[in-house]
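Read off the chains here:
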Amino acid sequence: MHGDNPWNPAPAVPRDEILARAARLWTRLDSRPLAAVFAVERVEVLYFAGTPQDGLVWIPREGEPVFLVRRDLERARRESPLAKIIPFARARDIPAILAAEGLSIAGPVGTSLDILPVNLWRSLERALETPVEDASAAMRATRAVKSPREREAIRAAGALAAELFTSLPEFLRPGLREVDVAAWVDAFLVRAGSAGYYRTRTFNLEFATLCCLAGPSGAVRGPSDSPNAAGSGPDPAFGQGAGMRRLRPGEPILIDLAVNRGGYYVDTTRIFHFGELPAPLVEAHGAAEDILAAAAEERAAGRTPQAVYAGAVARAARAGLAGAFMGGSRFLGHGVGLQIDEWPVIAEGFDEPLSEGTVVALEPKFALPGGIVGVETTYVLEDGALRPVVHLPTAPLRLD
């Protein structure tokens, strides 16, 4: 099991790569009168320091970032390539610490106010004695472009996802419960070294580690903005994910999961089934495959995310499936990286063409009576082409 996909933990992020990330961030903020930007959310700390230790990364307009660490200082110094890694305990100590490093707070500073709690924002403004403004769009756009090193980790995650989906038919059989499938998949991934949780950015967004929906489970909706139904989950307190429904012939079995390597995710969905699927579900899945192929071509041709989304909506309407498209969600795909819900979103309002190195998951799906069908594959934009990093057939796989 998963012996063909060896993986060694990624080495520390090179210092030059961290500095290049900071430079790209300031390119996006060049017109803003900010003295510095700081990362405080855990994944942003990981991105700009190379380790997710508790603290914040101060990114001045000129010079190298400074990593201010609450805990664990020694581990931060082992894992981060930054030269300045300094302990601190309280926000009010930050100005004096920075002054000792020759850095002054000469004007407003930026951070990601889309996720920073209001009380923390207020306390930081008091401590820094300067306005703290929103720089979240620049932070997210900077992270959307992956370096060759990041893409290597994403490809490794794609290889593990392909191995899992290829191995899964050996386990699936009628009568298994959705939770039995989830347990097998979780064990497979944990043994392979894929962390068993999702990192997300969106407020109140929670995901089960695996979405296994058998037949009518696809009609069980939940609070997350997703084209998949939530599934029943173990109980109403969680209300999503695999439940106790058993796999039956003639019903689609949707498996949607994220796999990670070195902190980087790929997002993949495939459909399995026993016996014949009803014709409406087969036709809807064919429409999803057509939308996926067209969207990949359009993205590679330089069309904006919102234009690609509009094209997908039009194709779903021409197939007579407008009401079922994406289960009511208003997007076609999303960026993937250190989090499962990165930029860009393939939706209205995203009008900037993709840059080289962008990674995105496209996931056209249809929610119909009897189940959900569709496909999801993660791609990377390289040399003007949108290349899949998960190499699997897109058609439903019959298991008997």
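Here we summarise the structure given alongside this text.

Rules used throughout
- Residues numbered from 1 in each chain as written.
- Predicted model: local features only at pLDDT ≥ 70, side-chain atom pairs only at ≥ 80, totals over all residues.
- Heavy atoms only, no water.
- Phe/Tyr/Trp six-rings, centres within 6.5 Å; stacked < 30°, edge-to-face > 60°.
- Helix = DSSP H or I, 4+ residues; strand = E, 2+ residues; numbered from the N terminus.
- Buried < 20%, exposed > 50% of the residue type's maximum accessible area, 1.4 Å probe, protein only.
- Pairing = 2+ DSSP bridges.
- Axes fitted to C-alpha atoms, helices over the stretch in contact; angles between N-to-C directions.
- Contact = heavy atoms within 4.5 Å.
- Salt bridge = Lys/Arg side-chain N within 4 Å of Asp/Glu carboxyl O.

## Thoughts on the packing of aromatic side chains
Scanning the entire structure with this criterion turns up 8 aromatic pairs. Aromatic pair Phe-165 and Phe-272: ring centres 6.3 Å apart, planes at 10 degrees, arrangement stacked. In this pair, Phe-165 is assigned in helix H7 (residues 148-167) and Phe-272 in strand E9 (residues 264-273), connecting sequence segments 107 residues apart. The exposure class of Phe-272 is buried, given its relative accessible area of 3%.

## Digging into the pairing of strand E12 (residues 359-362)
Residues of E12 alternate between two faces, with Val-359 and Ala-361 on one and Val-360 and Leu-362 on the opposite face, all of them buried. Both strand E10 (residues 333-335) and E12 contribute to a ladder of 3 bridges, which runs antiparallel. Bridge pairing in E12 links His-334 to Ala-361.

## So, the sheet that holds strand E16 (residues 385-388)
In space, the 5 strands of this open sheet follow the order E11-E10-E12-E15-E16, with antiparallel pairing throughout. Each edge of the open sheet is held by one strand with a lone partner, namely strand E11 (342-346) and E16. Each strand of the sheet is rotated relative to its neighbour by a mean of 30 degrees, with strand direction disregarded. Across 4 bridges, strand E15 (residues 377-382) lies against E16 in antiparallel orientation. Directly across from Tyr-379, in E16, lies its bridge partner Pro-388. Most of the contacts of helix H6 (residues 136-144) go to E11, to which it runs at about 85 degrees, and overall it touches E11 and E12.

## Examining the pattern of salt bridges
Note on pairing: side chains with opposite charge can pair once their charged atoms come close. Within this structure, the stated rule accounts for 29 salt bridges. Between Arg-201 and Asp-114 there is a salt bridge, with its nearest N and O atoms 2.9 Å apart. Linking Arg-201 in the loop between helix H8 (178-192) and strand E7 (210-214) with Asp-114 in the loop between strand E5 (109-111) and helix H5 (118-128), this pair joins segments that are 87 residues apart in sequence. Residue classification places Arg-201 among the buried residues on the basis of a relative accessible area of 6%. Note that Lys-365 and Glu-363 form a salt bridge whose closest N and O atoms lie 3.1 Å from each other. Pair check on accessibility: Lys-365 and Glu-363 agree, each one buried. Residues joined in a network through salt bridges with shared partners are Glu-44, Asp-114, Arg-140 and Arg-201.

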